[in-house]
Amino acid sequence: MSVSNRFGCLLLTSMLVVGCGEAQSPKATGNGPATSVPRSGIPESGELVVDLNRPGLSAQIIGSGDGTLLLLEIDPGLMEPVLLGMPRKGISARDALEDRNFAAVIGSGFVSELNSLEPVGLLQANGQTLSPVQVHGYTRILGINDAGMGVVHRRAYQRNLFHSALQAGPGIIEQGELDISERELKRPAYFRSFVAVCEQRWLVGVSLAPTHLHTLGKTLLAHFRKQSWQCDDVVNLAGDRQAVLILESGNGTQAHHGDPDTYKVSLLGFRPVPD
């Protein structure tokens, strides 16, 4: 698959990249899939979510039932992405938001076992490979170069495509089409976190109820078509108790879905582009 290189106007700062993974299994969490997670400042009504907006970032609640999603639309001209992580040490989403001047933080990344702080799969930071590609498992490579963010299949990955990259998966939407079989509906439902690479925008979000990847993908595709958005790739990040989204509104208040204080090996933040 070709790389999405549509954001040439974006100035990127140096980054430390870490990886992503599929939601944890009941065995990994020890208590089965979570049925609720910490939540604060996220309104029940989509009409009130405008209070979370700030320049370069707008929030929406879309879908219904187990397909209800909190979706952030991010303007690449006003926000820059920072894929960060602290293997073996960890960092919380709240600390990342407050210490690094982020407007929003989405996570988590690699998951191998509950609260693991070790990366799994490709981890490339500023041209240096810190962890090699995992040939089984996660199929997508989310990368950053001077032109923006892009997604390729792990088979198409080459070291010179990106200066920073991580391995994630699965791909929920690939080449603009749903790539999750209905068979996935027979598996447990989890809270989800995800990233979408689109023309003229980036999207990140979480499910507000445990859901299936198939349901999440159908909800997003319906929304993309309604908005006439071209979104070629949506990549699943870690979910269940690892899924978290925290943001700071324009008036300086915080809102979050998921636990913002547990340490993660990896998080994706967005902050204002320097003047």
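The structure presented is a predicted model; accordingly, all values stated were derived computationally and were not measured.

Let's talk about the pairing of strand E17 (residues 244–248)
Phase 1 of the analysis: Along E17, four of the five residues are buried, which leaves the element largely enclosed by surrounding structure.
Phase 2 of the analysis: Here strand E6 (residues 104–107) pairs with E17 via four bridges, running antiparallel. Each residue of the ladder has a partner; that of Ala104, found in E17, is Leu247.
Phase 3 of the analysis: Note: E17 against strand E18 (residues 254–257), four bridges, orientation antiparallel. Across the sheet, Glu248 pairs through a bridge with Gln254, a residue of E18.
Phase 4 of the analysis: Between the end of E17 and the start of E18, which pair antiparallel, lie five residues, with Gly252 showing a positive phi angle near 90 degrees.

Overview of the sheet that holds strand E9 (residues 140–145)
Phase 1 of the analysis: Here we have five strands laid out as an open sheet, ordered E8-E7-E11-E9-E10, and antiparallel in their pairing. Where the open sheet ends on each side, the last strands, each with one partner, are strand E8 (128–131) and strand E10 (148–153). When the angles between neighbouring strand axes are averaged without regard to direction, this sheet yields 25 degrees.
Phase 2 of the analysis: Pairing between strand E7 (residues 123–125) and strand E11 (residues 164–168): two bridges, direction antiparallel. Residue pairing across strands places Leu123 opposite Leu166, the latter belonging to E11.

Digging into the confidence of the model for the chain
Phase 1 of the analysis: Across the chain, the average pLDDT comes to 83, with 85% of residues at or above 70.
Phase 2 of the analysis: Mean pLDDT across the elements of the chain bottoms out in helix H1 (residues 26–29) (36) and peaks in helix H3 (residues 213–227) (98).
Phase 3 of the analysis: In the model, residues 1–29 has pLDDT below 50 throughout and makes 135 contacts with residues more than four positions away in sequence or in other chains.

Quick look at the environment of Ala93
Phase 1 of the analysis: Positionally, Ala93 belongs in helix H2 (residues 93–99).
Phase 2 of the analysis: The buried category is assigned to Ala93, whose relative accessible area is 0%.
Phase 3 of the analysis: Distance in space between the C-alpha atoms of Ala93 and Lys264 is 7.7 Å, their sequence separation being 171 residues.
Phase 4 of the analysis: For Ala93, the residues in contact, after removing those within four places along its chain, are Val105, Val244, Ile246, Pro260, Thr262 and Leu267.

What counts and what doesn't
Residues numbered from 1 in each chain as written. Predicted model: local features only at pLDDT ≥ 70, side-chain atom pairs only at ≥ 80, totals over all residues. Heavy atoms only, no water. Buried < 20%, exposed > 50% of the residue type's maximum accessible area, 1.4 Å probe, protein only. Helix = DSSP H or I, 4+ residues; strand = E, 2+ residues; numbered from the N terminus. Pairing = 2+ DSSP bridges. Axes fitted to C-alpha atoms, helices over the stretch in contact; angles between N-to-C directions. pLDDT = per-residue confidence, 0-100. Contact = heavy atoms within 4.5 Å.

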